[in-house]
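Chain by chain, the residues run as shown.
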Amino acid sequence: MEDSDHQTHPLITPQHQPPDSAVFTAESDDIAPIAGVGDFAREFFLESKKLWYLAGPAIFTSVCQYSLGAITQVFSGHVSTIALAAVSVENSVIAGFCLGVTVPQKINKINSF
């Protein structure tokens with residue numbers, strides 16, 4: 001069988017394609033030289049759009065994680081004072097301790113490069 005007769009098709013085709021201006025491709029050319037305020041505004045908008053496309057899910061996740069802790073604390077306050085105290089300790093002390101343990105490890109990994 002010849003190679004020209006063999007055709008490949010993707011098994012899964014995406015339902016929604018993001019706009020081309022928000023997707024990075026290595027083959028794309030760099031931006032044209034900025035000659036004026038209009039060029040700057042256009043390129044600023046395109047780069048900002050790309051940045052929000054990447055950072056949006058991380059921001060959404062961070063807000064949801066904070067909201068989950070806050071809502072849990074509010075509901076535990078309705079149960080009893082002891083439950084509220086326990087959840088408050090977890091949210092402030094234990095969660096802060098976990099963050100304090102992970103940050104120096106990440107800094108050490110960055111410094112090792």
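Residues numbered from 1 in each chain as written. Predicted model: local features only at pLDDT ≥ 70, side-chain atom pairs only at ≥ 80, totals over all residues. Heavy atoms only, no water.

K.L.:
Before we go on, may I ask you to explain the packing of aromatic side chains in this structure?
P.N.:
Each aromatic ring pair is characterised by the separation of its centres together with the angle its planes make. What the rule picks out here adds up to one aromatic pair. With a centroid separation of 6.1 Å and an interplanar angle of 25°, the aromatic rings of Phe-40 and Phe-44 are classed as stacked. Residue Phe-40 and its partner Phe-44 are located together in helix H1 (residues 37-79), separated by four residues, close to a single helical turn. What makes Phe-40 partly exposed here is its relative accessible area of 48%. The exposure class assigned to Phe-44 is exposed, which follows from its relative accessible area of 54%. (Phe/Tyr/Trp six-rings, centres within 6.5 Å; stacked < 30°, edge-to-face > 60°. Helix = DSSP H or I, 4+ residues; strand = E, 2+ residues; numbered from the N terminus. Buried < 20%, exposed > 50% of the residue type's maximum accessible area, 1.4 Å probe, protein only.)

K.L.:
Honestly, H1 in this entry has me stumped. Any pointers?
P.N.:
Because each turn of an α-helix spans 3.6 residues, side chains separated by three or four positions end up pointing in the same direction. Here H1 is 43 residues long and its end C-alpha atoms lie 58 Å apart, about the 63 Å a rise of 1.5 Å per residue gives. Along H1, the sharpest change in direction is near 40° and occurs at Ala-55; proline Pro-57 comes one to four residues later. For H1, the set of buried residues is Glu-43, Gly-69 and Ser-76. (Expected span 1.5 Å × (residues − 1). Bend = angle between axes of the 7 residues up to and from the residue.)

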